[in-house]
Structure formats: C-alpha cells, structure tokens
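# Tertiary structure, described
So you can see what is in the structure, the chains are spelled out below.
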Amino acid sequence: MQQIKIASWSGPRNISTAMMRSWENRADACVCDEPLYAHYLVENGLDHPGRAEILEHGETNAQKVIDWLTGPNPGEHRVFYQKHMAHHLIDDVPRDWFEDLAHVFLIRDPVAMLLSLDKVVPDPTALDTGLPQQIDLFRKLKSQDSEPPVIDSRDVLEQPEAMLRALCAALDLPFDDAMLNWPAGPRDSDGIWAPHWYASVEQSTGFAPWVDRQQQLPKRLEAVHSEIAPLYEELHAARLRPPAAS
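The sections below set out a description of the structure shown in this document. For clarity, every value in this text was computed on a predicted model and none was experimentally measured. (Residues numbered from 1 in each chain as written. Predicted model: local features only at pLDDT ≥ 70, side-chain atom pairs only at ≥ 80, totals over all residues. Heavy atoms only, no water.)

### Description of the overall build of the protein
- Each helix and strand in the protein was counted, giving twelve helices and five strands.
- Its C-alpha atoms give the protein a radius of gyration of 17 Å, within 12% of the compact-globule value 18 Å for 246 residues.
- Over its C-alpha atoms, taken along the principal directions, the protein stretches across nearly 55 × 45 × 40 Å.
- With 246 residues in all, the protein has 50% of them scored as buried.
- A separation threshold of at least 6 residues defines the contact pool for the protein, and within that pool the share at least 24 residues apart is 79%.
- In the form shown here, the protein has an accessible surface area of approximately 11,900 Å², with 48% of it arising from carbon and sulfur atoms. (Helix = DSSP H or I, 4+ residues; strand = E, 2+ residues; numbered from the N terminus. Rg over C-alpha atoms; globule rule 2.2 N^0.38 Å. Buried < 20%, exposed > 50% of the residue type's maximum accessible area, 1.4 Å probe, protein only. Contact = heavy atoms within 4.5 Å. Areas by Shrake-Rupley, 256 points an atom, 1.4 Å probe, with all protein chains shown as cover.)

### A few points about the sheet that holds strand β3 (residues 79–85)
- Read across the sheet, five strands follow the order β2-β3-β1-β4-β5 without closing on themselves; strand pairing throughout is parallel. Single-partner strands in this sheet number two, and they are β2 (29–33) and β5 (150–152). On average, each strand axis in the sheet is tilted by 20° relative to the strand beside it, whichever way the strands run.
- As paired elements, strand β1 (residues 4–10) and strand β4 (residues 102–107) share five bridges and run parallel to each other. Each residue of the ladder has a partner; that of Trp9, found in β4, is Phe105.
- Set on the sheet, helix α4 (residues 62–70) makes contact with β1, β2 and β3; between it and β3 the angle comes to about 150°. (Pairing = 2+ DSSP bridges. Axes fitted to C-alpha atoms, helices over the stretch in contact; angles between N-to-C directions.)

### As for the packing of aromatic side chains
- A full pass over the atoms with the stated rule returns eight aromatic pairs.
- Pairwise contacts between aromatic rings join Trp9, Trp97 and Phe98 into one cluster. (Phe/Tyr/Trp six-rings, centres within 6.5 Å; stacked < 30°, edge-to-face > 60°.)

### Side note on helix α2 (residues 37–44)
- Looking only at α2, the buried set comprises Tyr37, Ala38, His39, Tyr40 and Leu41.
- Once α2 finishes, Gly45 follows within two positions and takes phi at roughly 65°, a positive value.

### Looking at the packing of helix α5 (residues 110–117) against helix α12 (residues 222–237)
- Between α5 and α12, the least distance of the axes is 10 Å, while the angle of their chain directions is 135°. With respect to α12, the axis of α5 lies oblique. When the axes of α5 and α12 are compared, the crossing they make is right-handed. Contact residues: α5 offers Pro110, Val111, Met113 and Leu114, while α12 offers Val224, His225, Ile228, Ala229 and Tyr232.
- Residues belonging to the contact of α5 with α12 are distributed by class as follows: eight nonpolar, one polar and no charged. (Parallel < 35°, antiparallel > 145°, perpendicular 65-115°, else oblique. Left-handed = near helix turned anticlockwise from the far one by under 90°. Nonpolar A, V, L, I, M, F, W, Y, C, P; charged D, E, K, R; others polar.)

And the structure:
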C-alpha cells in the first residue's frame, strides 16, 4: 500500500484541531497532534498550561520525533496526517526531512489571529504567529519545484466540502464525505494538553460557520501586524481557491 504522510503547518489560534478531526474521521487515516511541542517547550523554557504533563508524555528530542514522523506509518493506514504548529520549528530543529512528506499550509487572517493569540500570549512576536516559519518552508518547497497547497481557514469555514475536495485533489487523494462531520468528544490522539485548549472542538461535530467580526487591532499590536501581513499575503495569494472564486 502506498502511504502518504501529510505535514500540515498552521499558525496558532486557527482551525488546525478541527482539521485534524476531519482527517482522523477518514477510515484510511491516522493523525498525530503537535509532535514537536515538548521539544519547543524545553528549548524555549516556556511555562504553557500543562507543561509538566507535556514534558512527561512527549518526546523532547527533535531528531527522535523526526525519525518517527518519517518512519513507518503508524498502524495500517494509507494516510498519516501530522498536525504541526509552524512556530515549533525553532532554529535547532533539523530541516533535512521535509522532502519525505507532503506539505499543507493552513493560514488565517492575521488581524483575527493576533487578537485571539494576544489573549493567551500577551504581546506576541512575529515568531509566535508561525508566519515567518511558514513562509521560509513554503519558499524552500517552491524553490524545489513543489506546489504545496495553502488553505485559508475562512475559505474552509465558508465552503468546507468544496475546500476539502480541492485539498484532497491537490494531494492526489480521494475526497471522503466523512471529513465533513465527526463525533463530539475527546480523542486518544489528542495531545495531553487537550483539557487546557480543546473544550470547544470537543463539543464540535463539524466545521463552524465563518463569522466576520470586523475587529480592530490595538496600537501595541500594529508593529507585529505590519511585519507579518506581507507574509500572510504571499501565502494567501497562493492559496487553493474555493470554486466560486476561481
């Protein structure tokens, strides 16, 4: 059986966990949840919720994580979907393993993302948003004649079936209707940090409709927004388009 390993690179405060639910609901797929998180916490010394449990249960050696991600697919599944936070790609994480995976980039409007992120990471930096890491990897893959799909969360929430069909097509995989809905509740595949972050997604049974809140950034976040907005726009211009916009 030909196996495909999908590395999905998201920034924080996005629909990355809902996307993981969507892929895990396929009968031919297994998933993993932020496998580089423990290494990220150790190297940065950050005191995130559940830090002790994350370090106890997670692998803190980045190379061991990479060996597992690129090794034999866990279980008897055609698809191994890896949910990654792009900001976990800190400088000491090797970059020589990317060619072994198919890559997907999940982006969100930076104003909405910053307002949400600021509630849990006060005064976030550009690196906290994951956009610099996303654009570095995206450009590297493009330079190797790769066309990694980019999806914007707004497009997914507005047209989930159309966007998931487009994403599956870009990955040379058949679309599965099971990706549109899933049972509520926790998963064994969820990270040990789920009790601190996943209350909303645990109640979900599908993608929530997109809501335009038209919020404004406080002045203290304007500088970081100016830094990351061009990175978002570069990725947004390359995104998979919903059919109505094509």
